[in-house]
Amino acid sequence: QMFIAIFNYIDHLYGKIKPKKLFFMAVDGVAPRAKMNQQRARRFRTALDAEVAREKAIAQGTEMPKEDPFDSNCITPGTEFMARLSHQLKYFINKKVSEDTDWQGVDIVLSGHEVPGEGEHKIMEYIRQAKAQPGYDPNVRHCLYGLDADLIMLGLLSHDPHFCLLREEVTFGRPQQKRTKELEHQNFYLLHLCMVREYLELEFQELKDNPNLGEPFDMERIIDDFILMAFFVGNDFLPNLPNLHINEGALALMFNIYKEALPKMGGYLNEKGHINLQRLGILLDHLQDLEFQFFEAEYSDAKWIKDKAKMAAVEAMEARNKGKHLTLTPAQKKLLND
């Protein structure tokens, strides 16, 4: 049942884009250690939550489905489920190539769970190797499917002019009505990274006329620096720096700091894949000044709330005591009357 659902989805995505030259399917292999630890913790927690919810439902007398629930922990490289999936995917590709004319005349590449590395990194490695070949066409169009935010960074990092992402529609908040799970009702969007590049160019336009830049203005190198700075707000491998949260405008803050620091750095942070630590230090010094102000403001807020809570407790106690009248025990009344 799960395999049929996977095949239907792949076929649906293929029909949406209709690749002309290459269709690359990359299943996540063994991820780097930092990601594996995080992945395992998240999946085991999901399994535990599902078990607790199931026990609660049984205790409340809810009728449970007869078949066993699907355990998402089996979607881990090296499991029996993934070995069967790889085998079934090979069968599915052979069937489509022999029966479906849309699948013919296109190179189909499958990188299974036995090949280490995350799916998107395997695809990017393939693109990098293709770019290194002498007859590579720089105007070839790439389309990468997935909702991960790191796909945006990887697409920008390719420096290819025609790169887009195919993504499902994400609705935030509680849905107004129950959505059907049929593929026909699922909305898809194309995110064109050339637009993101243009917006970044507009963002850093003011640096173009700055006479204090140590090196000529180069948008491609600024994009590399932007991707490096995005590490500060956290990703799959690293936690975010304190006080840098995307939902609190951390990226806009980073842009302003970078624009202020770049003329003082004498060049770009990223030098052909090597980080200039001296220049990075200058950027972090600028960040440190700002962080100190945030921490001071946060500390004063916390202190104010603490003092306010103390005052409220004292006032509540006084109000309770104020409302009480003097009460005497029967023995005390007798003494008073005598």
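Residues numbered from 1 in each chain as written. Predicted model: local features only at pLDDT ≥ 70, side-chain atom pairs only at ≥ 80, totals over all residues. Heavy atoms only, no water.

Participant: With reference to specific residues and values, describe the nonpolar core.
Facilitator: One recurring pattern in soluble globular proteins: nonpolar side chains tend to sit buried together. In terms of nonpolar packing, the biggest core is built from 28 residues, with Leu-200, Phe-204, Tyr-258, Leu-269 and Leu-283 touching the most fellow members. Put simply, the parts of the chain that give this core at least two residues each are helix H7 (219-230), helix H8 (250-265) and helix H9 (277-322). No other element matches the eight residues that H8 contributes to this core. Residue contacts for Leu-269: discarding those within four places in its chain leaves Asp-225, Leu-228, Met-229, Tyr-258, His-274, Ile-275, Asn-276, Arg-279, Leu-280 and Leu-283. One finds Phe-23, Val-27, Cys-74 and Phe-81 within the second-largest nonpolar core, a separate group that totals 16 residues. (Core = buried A, V, L, I, M, F, W, Y, C linked by side-chain atoms within 4.5 Å. Buried < 20%, exposed > 50% of the residue type's maximum accessible area, 1.4 Å probe, protein only. Helix = DSSP H or I, 4+ residues; strand = E, 2+ residues; numbered from the N terminus. Contact = heavy atoms within 4.5 Å.)

Participant: Give me the lowdown on the sheet that holds strand E5 (residues 188-192), citing residues and values where you can.
Facilitator: Pairing within the open sheet is mixed, and its three strands lie in the order E3-E4-E5. A single partner strand is all that each edge strand has here, and the edge strands are strand E3 (142-145) and E5. Put simply, the sheet's adjacent strands are angled 25° from each other on average, direction ignored. Bridge count for E3 against strand E4 (residues 163-168) is four bridges, and the pairing is parallel. Its bridge partner lying in E4, Tyr-145 is registered against Leu-166. Those strands touched by helix H1 (residues 2-17) are E3, E4 and E5, and its axis lies near 55° from that of E5. Where helix H6 (residues 193-203) meets the sheet, it contacts E4 and E5, and its direction lies at approximately 45° from that of E5. (Pairing = 2+ DSSP bridges. Axes fitted to C-alpha atoms, helices over the stretch in contact; angles between N-to-C directions.)

Participant: Account for the side chain of Asp-100, with residues named and values stated.
Facilitator: Relative to the elements of secondary structure, Asp-100 occurs in the loop between helix H3 (80-99) and strand E2 (107-111). For Asp-100, a relative accessible area of 19% puts it in the buried group. Sequence-distant contacts of Asp-100, defined by excluding residues within four places in its chain, comprise Asp-11 and Lys-95.

Participant: So what's going on with the side chain of Asp-160? Residues and values would help.
Facilitator: Checked against the element boundaries, Asp-160 lands in the loop between helix H5 (150-157) and E4. Accessibility expressed as a relative area gives 4% for Asp-160, which makes it buried. Looking at Asp-160, its side chain comes within polar contact range of the side chain of Tyr-136, at 2.8 Å. With sequence-adjacent residues up to four places away left out, Asp-160 is seen in contact with Lys-131, Tyr-136 and His-142. (Polar contact = N/O pair within 3.5 Å; in protein donor to acceptor, adjacent residues only side chain to side chain.)

Participant: Give me the pattern of salt bridges: which residues, what numbers.
Facilitator: Enumeration according to the criterion identifies eleven salt bridges in this entry. Linking Arg-279 and Glu-215 is a salt bridge whose minimum nitrogen-to-oxygen distance equals 3.6 Å. Of this pair, Arg-279 sits in helix H9 while Glu-215 sits in the loop between H6 and H7, placing them 64 residues apart in sequence. With relative accessibility at 21%, the residue Glu-215 sits in the partly exposed group. Look at the salt bridges and you will find they share partners, linking Glu-215, Arg-221, Glu-271 and Arg-279 into a network. (Salt bridge = Lys/Arg side-chain N within 4 Å of Asp/Glu carboxyl O.)

Participant: Could you give an account of the packing of aromatic side chains, with specific residues and numbers?
Facilitator: Within this structure, the stated rule accounts for twelve aromatic pairs. Ring geometry for Phe-24 against Tyr-126: centres 5.0 Å apart, planes inclined by 70°, an arrangement best described as edge-to-face. Placement of Phe-24 in strand E1 (residues 22-26) and of Tyr-126 in helix H4 (residues 119-131) is noted, with a sequence separation of 102 residues between them. Accessibility expressed as a relative area gives 17% for Phe-24, which makes it buried. Where Phe-226 meets Phe-255, the ring centres are 5.6 Å apart and the plane angle is 45°; that geometry is what we call tilted. Of this pair, Phe-226 sits in helix H7 while Phe-255 sits in helix H8, placing them 29 residues apart in sequence. We classify Phe-255 as buried; its relative accessible area is 12%. (Phe/Tyr/Trp six-rings, centres within 6.5 Å; stacked < 30°, edge-to-face > 60°.)

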